[in-house]
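Residue-level listing of the chains:
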Amino acid sequence: MTNSQSMRRLVAYSGFGLVGLGLAACGESSTAPGGEQEVISRVTLTLTPANGGAPLTAFIEDADGNGPGAPSAQVGALALVRGASYTGTVKFENRLVNPPEDITEEVEEEANEHRVYYTVTGSGVTITTTDRDPQGRPLGLAFTKAVGATSAAGTTRVVLCHYDDAPKNGSSTSCQGETDIDVTFNFTIAN
């Protein structure tokens, strides 16, 4: 083999290598974290008394999804009882499409990339996340809400966090990724 033949083969192999590398770089990795930010236009909280009784439900709408407009006022009352505990769920929906899309299912399917954070104001009321993602980290679609004997009215802030570039940390107490939606519910306390 002459030097010029060797050189042509080297160039040809290099070309195939570059094409292969280019195709791999353009492909989508199935293990890459994250995805597109969710469009959410309604958040619904449901609290079911642990000792029985009718569930309490309230929702807040965001008419422009993740747009600049402020979310609507809360629809429905969350009238909690002192000394009671509740099992809670949160539902995320995109009602800007027809038919409406249940984003909760997507959050559950992509549990490793999402977490719901709750921040409670008012005294004597605590929320504990009860569900986990496949890696054992808190998810937050299900929770318990405990109301103390001397508790006071307050608010529950709900933040759906989407981990795209930042890694999800199981011990984090606030969103370190992108915020899909951030709304605050009011609650009252009855005797």
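The following refers to the structure shown. Throughout this document, residue positions are counted from 1 along each chain, in the order its sequence is written. With the structure being a predicted model, the display of local features is reserved for residues of pLDDT at least 70 and the display and counting of side-chain atom pairs for 80 or more, all residues being used for whole-chain, interface and lining totals. The basis for every side-chain value is the complete set of non-hydrogen atoms in the structure, without hydrogens or water.

## Brief notes about the layout of surface pockets
Quick note on the threshold: Points on a 1 Å grid over protein atoms alone make up a cavity when a 1.4 Å probe fits among them but cannot get out, and a pocket when they form an open set with protein on both sides within 12 Å along at least five of seven lines; lining residues each have an atom within 4 Å of a point. Grid points are joined across faces, edges and corners, and a volume is the space filled by probe spheres set on the points. Numbering of helices and strands runs from the N terminus; a helix is a DSSP stretch of H or I covering at least four residues, while a strand is a stretch of E covering at least two. In this classification, the charged set is Asp, Glu, Lys and Arg, the nonpolar set is Ala, Val, Leu, Ile, Met, Phe, Trp, Tyr, Cys and Pro, and all remaining amino acids, among them Gly, are polar.
Space inside the largest pocket adds up to approximately 170 Å³. If you tally residues by element for the lining of the largest pocket, the top one is strand β6 (residues 114-120), at six residues. Of the residues contributing to the lining of the largest pocket, the split by class is five nonpolar, five polar and one charged.

## Let's talk about the side chain of T104
Selection rule: Partly exposed describes any residue whose relative accessible area lies between the buried limit of under 20% and the exposed limit of over 50%, with all areas from a 1.4 Å probe on protein chains only and scaled to the type maximum. For this analysis, a polar contact is any N or O atom pair within 3.5 Å, provided that within protein one partner can donate a hydrogen and the other can accept it, and provided that sequence-adjacent residues contribute only side-chain to side-chain pairs. Only heavy atoms matter for contacts: two residues are in contact if any of them lie within 4.5 Å across the pair.
Positionally, T104 belongs in helix α2 (residues 103-109). Residue T104 is classed as buried on the basis of its relative accessible area, which comes to 13%. A polar side-chain atom of T104 sits 2.9 Å from a polar atom in the side chain of D102. Setting aside residues up to four positions removed in sequence, T104 forms contacts with V90, K91, F92 and L141.

## Some words on the sheet that holds β6
Applicable threshold: Note: two strands are recorded as paired if DSSP finds a minimum of 2 bridges between them. Between the N-to-C directions of two axes lies an angle of 0 to 180 degrees, each axis being a line fitted to C-alpha atoms and, for a helix, fitted only over the stretch in contact.
Here four strands make up an open sheet; going across it, the order is β3-β10-β9-β6 and the pairing mixed. Each of the sheet's edge strands pairs with one partner strand only, and the pair in question is β3 (79-81) and β6. Sheet twist, expressed as the mean angle between neighbouring strand axes with direction ignored, is 30 degrees.

Coordinates in, geometry out; function isn't part of it.
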